[in-house]
Amino acid sequence: MDKSAPEANGSVTRPLELIATMAADFASSRDLETTLSRAVARITRHLNAASGALFMLDETGEELRCHACYGETDITGLVLGAREGIVGRCVQGRRGEIVHDVNEDPGFYSGVDEQTGFTTRSILCAPLTVRDQCLGAIELVNKLSDDGKFSEGDLHLLQGLSSSAALAIVNARQSEALLKQERVNRELELAAEIQRSLLPRARPEPFPVHGLNLPAGVVSGDFYDFFELDDGRICFTLGDVSGKGINAALLMAKTASLYRALGKTIHEPGRLLAVINNEICETATRGMFVTMVGGVLDPGKNRVCLANAGHEPPLYQNGAGDFQALEAQAPPLGILRLDRADQALPEQQLSLEEGSLFLFSDGVTEGALEDGATFRVEGIKSLLTENACLPPADRLNAVVARLRRANKPLRDDVTLLVVRGRESIGEVTGEGLLRVNFPSRPHELRKVRWAVSRALASADCAEDEMRDMILAISEACQNIIRHAYHEDPNGEIVLELRRDGDRIIVLLRDFAATVDPSEIKGRELEQLQPGGLGVHLINEVMDETAFLPPPGNSGNLLRMIKRIGRKAS
Amino acid sequence: MRHEIRESEGAVVVSFEGDIDLDTSPAARKVLLDCVRRKRSVLVDMSRVTYIDSSGVASLVESFQNARNAGLRFGLVAVSETALRVLKLARLDLVFPIHATLEDGLAQISG
C-alpha cells in the first residue's frame, strides 16, 4: 500500500496531477479553510505520512496556529509559539527540513504529544513562503514507509506544494480584503450620494447665489446651502467641519441639516448660528468643530447680513474690483456652549452695491498649484479679478479649474459660494457711475441732483453737459413722483448712471403702475400752458429717451442716453 | 429756496435765491401770485436762482399770464445762466421780457 514513492518510475505525473488538482481547488474555492484542509489531506496521503498539519502565523507574528490537519489526532486550533518546535524553527529559518528521529533533535517540542498521546518519530516540514513573506508551514509526521524516513524527494515535493498553497492563501486573503474594501467603497458612495442630495440645486441666472463643492475624497467635510424665504430674502451658508473622512462627513450632514431646518424659522444669522452651536455642542465628539458663515441676502435692499463663526474671512469685491475681507467675529461652532438660549453671534451688515461676496473653505486657499505653491487668498483674488467679466457661477468654476490644473489629488475639500450684488437695473454695457434709491418725495430731488453732479464730474463731463443732464434727470424724477406715483410719498425710485464710451446712460426705475408711454407727450410749445414741459425739456437735452420693459414686468424703466464730449447744442 | 420782496418805485421786485424745483415751486408760486395781486408790475430777480425746473417755470408762466390778464407788466431780471438755459430750452426766453439788470427792468417798466 505504498502510495508515495515519488522517486519510483511511473509516478512522475502524480505530483503534477496533485499540484494541478490543488491549484484548481484553490482557484475555485471561496472558503479558504476548507480548501486548506483538503490540501493538507491530499499532501499527507500523497507523501505517505501518518498525519499532516498546516500552521499559520497570526497577525502579530508571535504565534503559530493550526488551521488544518489530517490524521488520527485533530489539532486544529492548536497554538504554538512562533519559535516553538520544528515547525517554529522552519518558519523562522524559512527552510524546509527532514527530522528522521525527533528524539535526537533538541528543537523538538514534545508538548503536543503529551497532550494528544500521539508519538512523533519523524517530521518533514516546509515553510509557506511567498516572495519574502513567510505565512507559516506545513508539517508532516511519521513516514509510513518501511524505513519510516522522509526522503529528500519528499522534501522537494512538499516545498513545491507549500509554495503553491502559500500563494493560494495570499490570493485568497487579498481578494477577501478587496471584497471588504469594495463593500466599504459602496457604502461610501452611498454616503456621498446622500451628501450631494443635501446640497441645494443650482439655480440659473439671474438668481444671485451660486455654490460649488468638490470633495477631496469620496465624501466631504464641507457644505454649502441656500434657500429662499417667503418674503424674497435668500439665506445662504458655507461651512467646513474640522478633520476629514467619514466622521467629518457625518458632522457635515448634521450641521447642514440643522441649518436647513432651523434657517427656515430663524432668519437672523447670528441667532441661527448660536442655536446650531448649542445643538452641535450637545453631541459633538472627539473635539470636532465646525467653521461656518451664515448670511441673509435682501435682494430688494441689495444688502447682506452675515455672521462668521471662525471661518476663513469671506471676500467682498466691489464694482470697481477692490476687495474687502470680512473677518470672523466669533469662534467656531461646537466648542463653547452659549449659556443663554437667546444669545446671538455678532452680525455684520454689507451693502453689495454692484459687487459680489465670495465665501470659500480652506481647501481653496490651501489648494496646491502645479508648481507646488499654495493658492492662498491672493490667488483667489487675482483669479476672480481675471474673470471679473464672467457670470458669478463661472467665476467659481474658474477657481476650481485652476486648482485642478495642478493634476494632483486635492489636499482638502474645495467649496465656494458667491452672492452677487444687484446688477444694473436694465443695462449691461458700460461701467456704473451711480446707483441711488430714494423715496418718491420732492424733497429728495436736490440730494439726487447733487449725487448726479458728483458722479458726472467724476466721469469728466463738461459743465454744460452736466447741467443739462441734471435737468433731464430731475425732470424725469419729477414725472415719476407726479404722474406714476401720483405724489404718494412712499414710492421707491432707483436711479442708475452708467458710462459706456462717450455715452452716459441714465436708468430710472419705479414700481408704480405701468405707464402707457404713448400718453406721455411733450408740450405743444405754441400753447403757453404749464404741464408737459418736463418731457419737452428731457427730449431737448437727451439724445435718446425710451421706456424699456421693466425687470419683473412691474413698474416702469426709463432709459435716457446722452453723448458727451461734443459741442453742446 | 429763500425769497425777498421789495416795493420799488413802479414795481414789486421779488428775488429768489436757491433751487426752484418740485419741492420749492409751490412756495415760489404763492409768492409770485401774491405779488401779482398787489396790482403792480412785477419784476423777478433771478440772479441767485441756482436751479429751476419745469414746475418753477410753470409758476413763472402762470404768474405772467395772471399779470397780463390784469393788465400788469411782468418781467425777469438778471436771469442766472442756469435758469436762462432752461428758459431757452422751453423757448420761453422770447415770451418773458428779460432784463439784464434791475435798473434796466425798472426803466423799461416805468417807461
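Thresholds applied
- Residues numbered from 1 in each chain as written.
- Chains lettered and ligands numbered in written order.
- Predicted model: local features only at pLDDT ≥ 70, side-chain atom pairs only at ≥ 80, totals over all residues.
- Heavy atoms only, no water.
- Contact = heavy atoms within 4.5 Å.
- Buried area = accessible area lost by both parts, 1.4 Å probe.
- Salt bridge = Lys/Arg side-chain N within 4 Å of Asp/Glu carboxyl O.
- Helix = DSSP H or I, 4+ residues; strand = E, 2+ residues; numbered from the N terminus.
- Nonpolar A, V, L, I, M, F, W, Y, C, P; charged D, E, K, R; others polar.
- Disulfide = S-S within 2.5 Å.
- Pairing = 2+ DSSP bridges.
- Axes fitted to C-alpha atoms, helices over the stretch in contact; angles between N-to-C directions.
- Domains from an automatic or database assignment.
- Phe/Tyr/Trp six-rings, centres within 6.5 Å; stacked < 30°, edge-to-face > 60°.
- Lys NZ or Arg CZ within 6 Å of the ring centre and 35° of its normal.
- Core = buried A, V, L, I, M, F, W, Y, C linked by side-chain atoms within 4.5 Å.
- Buried < 20%, exposed > 50% of the residue type's maximum accessible area, 1.4 Å probe, protein only.
- Expected span 1.5 Å × (residues − 1).
- Parallel < 35°, antiparallel > 145°, perpendicular 65-115°, else oblique.
- Left-handed = near helix turned anticlockwise from the far one by under 90°.

### Description of the interface of chain A and chain B
1) Next: At the interface, 25 residues of chain A touch 23 residues of chain B.
2) Next: Interface area, chain A with chain B, both sides summed: about 2,100 Å², of which 56% is carbon and sulfur.
3) Next: In this structure, the connection of chain A to chain B is made through 6 salt bridges.
4) Next: If you list the elements that add at least two residues to the side of chain A that touches chain B, you get helix H11 (445-458), helix H12 (463-484) and helix H13 (533-541) of chain A.
5) Next: Of all the elements, H12(A) adds the most residues to the side of chain A that touches chain B, at 9 residues.
6) Next: Here the side of chain A that touches chain B is built from residues that sort into 11 nonpolar, 6 polar and 8 charged.

### Notes on the state of the cysteines
All names here are of chain A.
1) Next: Per the stated rule, a full pass over the model turns up 0 disulfides over all chains.
2) Next: Sulfur of Cys 69: no disulfide; nearest cysteine sulfur belongs to Cys 66 and is 4.8 Å away.
3) Next: Cys 90 supplies the cysteine sulfur nearest to Cys 125, a cysteine that is in no disulfide, at a spacing of 3.6 Å.

### A closer look at the sheet that holds strand E9 (residues 234-241) of chain A
Residues and elements named next belong to chain A.
1) Next: The strand order E8-E9-E10-E11-E14 describes an open sheet built from 5 strands, whose pairing is antiparallel. Both edges of this open sheet fall to strand E8 (222-228) and strand E14 (348-351), since each of them pairs with a single strand only. Adjacent strand axes in the sheet meet at a mean angle of 15°, parallel and antiparallel pairs treated alike.
2) Next: On top of the sheet, helix H6 (residues 245-263) reaches E8, E9 and strand E10 (290-298); it is set at about 15° to E8, its chief contact.

### Some points on the domain arrangement of chain A
1) Next: Split into domains, chain A comes out as domain 1 (13-175), domain 2 (199-420) and domain 3 (431-563).
2) Next: Using only C-alpha atoms to locate each centre, domain 1 of chain A and domain 3 of chain A end up separated by 99 Å.

### Some details on the packing of aromatic side chains
Residue and element names in this part refer to chain A.
1) Next: Counted under the stated rule, the structure contains 6 aromatic pairs over all chains.
2) Next: These aromatic residues form a ring-pair network of at least three members: Phe 207, Tyr 224 and Phe 226.
3) Next: The positively charged end of Lys 264 is found above the aromatic ring belonging to Phe 227, 5.6 Å away from the centroid.

### Topic: the nonpolar core
1) Next: Among the nonpolar cores identified, the biggest contains 69 residues, and Leu495(A), Val44(B) and Phe74(B) are the most heavily contacted of them.
2) Next: Here this core takes 11 residues from H12(A), the largest share from any one element.
3) Next: Discounting residues that sit within four places of it in the chain, Val44(B) has contacts with Val14(B), Phe16(B), Leu32(B), Leu60(B), Phe74(B), Gly75(B), Leu76(B) and Val77(B).
4) Next: Counting residues in each nonpolar core, the second largest holds 29 residues, with Met22(A), Phe26(A), Leu54(A) and Met56(A) among its members.

### Things to note about the pattern of salt bridges
1) Next: A complete count under the given rule lists 32 salt bridges over all chains for this structure.
2) Next: Close ionic contact of Asp19(B) with Arg449(A) constitutes a salt bridge, the shortest N to O distance being 2.7 Å. One end of the pair, Asp19(B), is in strand E2 (residues 11-20); the other, Arg449(A), is in helix H11, on a second chain. In this structure, Asp19(B) and Arg449(A) share a single accessibility class: buried.
3) Next: Here Arg29(B) and Glu62(B) are joined by a salt bridge, their closest N and O atoms 2.7 Å apart. In this pair, Arg29(B) is assigned in helix H1 (residues 25-37) and Glu62(B) in helix H2 (residues 54-69), connecting sequence segments 33 residues apart.

### Quick word on H6(A)
Residue and element names in this part refer to chain A.
1) Next: The terminal C-alpha atoms of H6 lie 26 Å apart, and with 19 residues this matches the ideal 27 Å at 1.5 Å per residue to within 8%.
2) Next: Taken residue by residue, H6 has Ala 248, Ala 249, Leu 251, Met 252, Ala 253, Thr 255, Ala 256, Leu 258, Tyr 259 and Gly 263 as its buried positions.
3) Next: Packed against the buried residues of H6 are helix H5 (152-198), E8, E9, helix H7 (269-283) and E10.

### Details of the packing of H1(B) against H2(B)
Residue and element names in this part refer to chain B.
1) Next: The N-to-C vectors of H1 and H2 enclose an angle of 15°; their axes lie 9 Å apart at closest approach. Considered as vectors, H1 and H2 are oriented roughly parallel to each other. Seen from above, H1 lies across H2 with right-handed handedness. Contacts between H1 and H2 involve Ser 25, Arg 29, Leu 32, Leu 33 and Val 36 on the former and, on the latter, Ser 55, Gly 56, Ser 59, Leu 60, Glu 62, Ser 63, Asn 66 and Ala 67.

### Some remarks on the environment of Ala166(A)
All names here are of chain A.
1) Next: Turning to its location among the elements, Ala 166 is positioned in helix H5.
2) Next: A residue is classified by how much of its surface remains accessible, and Ala 166, at 0% relative accessible area, is buried.
3) Next: Distance in space between the C-alpha atoms of Ala 166 and Pro 314 is 59 Å, their sequence separation being 148 residues.
4) Next: Apart from residues no more than four positions distant in its own chain, Ala 166 is found in contact with Leu 128, Thr 129, Val 130 and Leu 135.

### What to know about the packing of helix H2 (residues 32-46) of chain A against H5(A)
All names here are of chain A.
1) Next: In the contact formed by H2 and H5, the axes pass within 11 Å of each other and the chain directions differ by 175°. It follows from the interaxial angle that H2 and H5 lie roughly antiparallel. Taking contact as the criterion, the partners of Leu 32, Leu 36, Ile 43 and His 46 in H2 are, on H5, Leu 157, Leu 158, Leu 161, Ala 168, Ile 169 and Ala 172.
2) Next: A class-by-class count of the residues in the contact of H2 with H5 yields 9 nonpolar, 1 polar and no charged.

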